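# A closer look at the structure
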Amino acid sequence: MERLIEIVDYDPEWPARFALLRQMYERALTGVAILGIEHVGSTSVPGLAAKPVIDIDIVVTVDQVPRAIEAMERAGFLSLGERGIPDRWALQAPPDLPPTNTYVVAEGSLALRNHLAVRDQLRSEGALRDQYAALKRSIAASVHDIDEYVEMKSSLLSVVLARSGLTAEEREAIEIANRSQ
C-alpha cells in the first residue's frame, strides 16, 4: 500500500523553488499592498526532512485580504476559505505550479505567528529540528491519514511554540484550530 504522507530528506533546491513562486506571486499581486511573502513550513528549515510541498504565507493587512485573494484567483488559484484557521485563507494552486500550500494571512494573526515561530525556532535549534524530523518520519511510516499525522505531531510542536514564546492559551488555540481542519 502506498503511503499517503511522504517525508523526504531536505532538498537544497526548496529555497530556489520558493524564490520562483515568490516572483510569480509578486507579479500576480501587483496593486495589492502586501507586507511580505514568507517561506514557512518544514521546507523553509535547512536540514529538516519534510513533505516536498512549499508552504507560503502572503502577509497582508486585514483590509487587503479580499484584494489579495481576488488577485490570486485571477492568477489561477482557487480560494478554499479559512478552513477552520482564523485569519488564514487557503488557496489551491493551479496544477502547473510545483506543489505548494499557499495562504493569505492577516498581519499579526496567530496563524502567521504560529508559522513564523515554528520556522524560526527550528532554524535556530538543530537538536529540536532533528527530533522533529525523526518524529515526522516515524509518524508518516505508521499512519495513512493526514489528520492523524498532524495530531501526532502536536505535542512536540507545542514544545517548539512554547520555546518561541507563545503563551499556553495561544498554543491551545493553535492545537484546537489544527484539529478542526
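What comes next is a walk through the structure. The shown structure was predicted, so the numbers you read here are calculated from the model rather than taken from an experiment. Along each chain, residue indices are assigned from 1 in the same order as the chain's sequence is written. In keeping with the model being predicted, local features are shown solely for residues with a pLDDT of at least 70 and side-chain atom pairs are shown and tallied solely at 80 or more, while totals for entire chains, interfaces and linings include all residues. Remark: hydrogens and water are excluded; side-chain values derive from all non-hydrogen atoms of the structure.

## Some details on the sheet that holds strand S1 (residues 34-40)
Two orientations exist for strands paired in a sheet by backbone hydrogen bonds: parallel and antiparallel. Basically, it comes down to this: The pairing criterion for strands is at least two bridges between them, as found by DSSP. Starting at the N terminus, helices and strands are each numbered in turn, a helix being any DSSP run of H or I of at least four residues and a strand any DSSP run of E of at least two. To obtain each axis, a line is fitted to C-alpha atoms, and for helices this fit is confined to the stretch in contact; angles are then taken between N-to-C directions over 0 to 180 degrees.
One open sheet holds the five strands; their spatial order is S1-S2-S5-S4-S3, and the pairing between them is mixed. Lying at the two open borders of the sheet, with one neighbouring strand each, are S1 and strand S3 (78-81). Along the sheet, successive strands turn relative to each other by an average axial angle of 25 degrees, direction set aside. Two elements, S1 and strand S2 (residues 54-60), share six bridges in a ladder whose sense is antiparallel. Following the sheet pairing, Glu38 is matched in S2 by Asp57.

## Observations regarding the packing of aromatic side chains
Rule in force here: The pairing test for Phe, Tyr and Trp rings, Trp by its six-membered ring, is centres within 6.5 Å, and the orientation test on the planes gives stacked under 30 degrees, edge-to-face over 60, and tilted for anything in between. We call a residue buried when its accessible area falls under 20% of the maximum for its residue type, exposed when it is over 50%, and partly exposed in between, using a 1.4 Å probe and counting protein chains only.
Evaluation of the coordinates by the stated rule reveals two aromatic pairs. Between Tyr10 and Trp14 the ring centres are 5.3 Å apart and the planes differ by 90 degrees, which places this aromatic pair in the edge-to-face class. Of the residues examined, Trp14 reaches a relative accessible area of 1% and is grouped as buried. Centre to centre, the rings of Tyr25 and Phe77 are 5.5 Å apart; their planes meet at 85 degrees, and the pair counts as edge-to-face. Of the two residues, Tyr25 is situated in helix H1 (residues 14-28) and Phe77 in the loop between helix H2 (65-74) and S3; the sequence distance between them amounts to 52 residues. Phe77 matches Tyr25 in its accessibility class, with the two residues each being buried.

## Considerations on the environment of Pro46
Definition in use: Note on definitions: a residue-residue contact is assigned when non-hydrogen atoms from the two residues lie within 4.5 Å.
By the secondary structure assignment, Pro46 is in the loop between S1 and S2. For the pair Pro46 and Asn178, spaced 132 residues apart in sequence, the C-alpha separation works out to 24 Å. The contact partners of Pro46, leaving out residues within four places of it in the chain, are Tyr10, Arg123 and Arg129.

## Observations concerning the side chain of Thr102
What counts is decided by this rule: For this analysis, a polar contact is any N or O atom pair within 3.5 Å, provided that within protein one partner can donate a hydrogen and the other can accept it, and provided that sequence-adjacent residues contribute only side-chain to side-chain pairs.
Mapping Thr102 onto the fold places it in strand S5 (residues 100-106). A polar contact is formed between the side chain of Thr102 and the side chain of Tyr25, at a distance of 2.6 Å. Not counting the four nearest positions on each side in its chain, Thr102 is found in contact with Tyr25, Ile56, Ile58, Met72, Phe77, Trp89, Ala90 and Leu91.

## So, the environment of Glu13
Looking at the element boundaries, Glu13 is found in the segment before H1. Linking Glu13 and Ser158, residues 145 residues apart in sequence, is a C-alpha distance of 29 Å.

## Some remarks on the packing of helix H4 (residues 126-142) against helix H5 (residues 146-163)
Rules: Reported orientations rely on four angle classes, namely roughly parallel under 35 degrees, roughly antiparallel over 145, roughly perpendicular from 65 to 115, and oblique for the rest. For this scheme, ten residues count as nonpolar: Ala, Val, Leu, Ile, Met, Phe, Trp, Tyr, Cys and Pro. Four count as charged, namely Asp, Glu, Lys and Arg, and the remainder, Gly too, count as polar.
H5 packs onto H4 with a crossing angle of 170 degrees between their chain directions and a minimal axis gap of 9 Å. Taken together, the axes of H4 and H5 are roughly antiparallel relative to one another. Each of Leu128, Gln131, Tyr132, Leu135, Lys136, Ile139 and Ala140 in H4 lies in contact with H5, whose residues at this interface are Tyr149, Met152, Lys153, Leu156, Leu157, Val160 and Arg163. Grouping the constituent residues of the contact of H4 with H5 by class yields ten nonpolar, one polar and three charged.

## Focus: the nonpolar core
Note the threshold: To qualify as a nonpolar core, a set must consist of buried Ala, Val, Leu, Ile, Met, Phe, Trp, Tyr and Cys residues joined through side-chain atoms within 4.5 Å.
Counting residues in each nonpolar core, the largest one holds 24 residues, and the members touching the most others are Tyr25, Leu29 and Val104. When contributions to this core are tallied by element, the ones reaching two or more residues are H1, S2, H2, strand S4 (88-92) and S5. Once residues within four sequence positions are removed from consideration, Val104 is found in contact with Ile58, Val60, Val65, Ala68, Ile69, Asp87, Arg88, Trp89 and Leu91. Membership of the second largest hydrophobic core comes to 21 residues, among which are Ile5, Tyr132, Ile139 and Val143.

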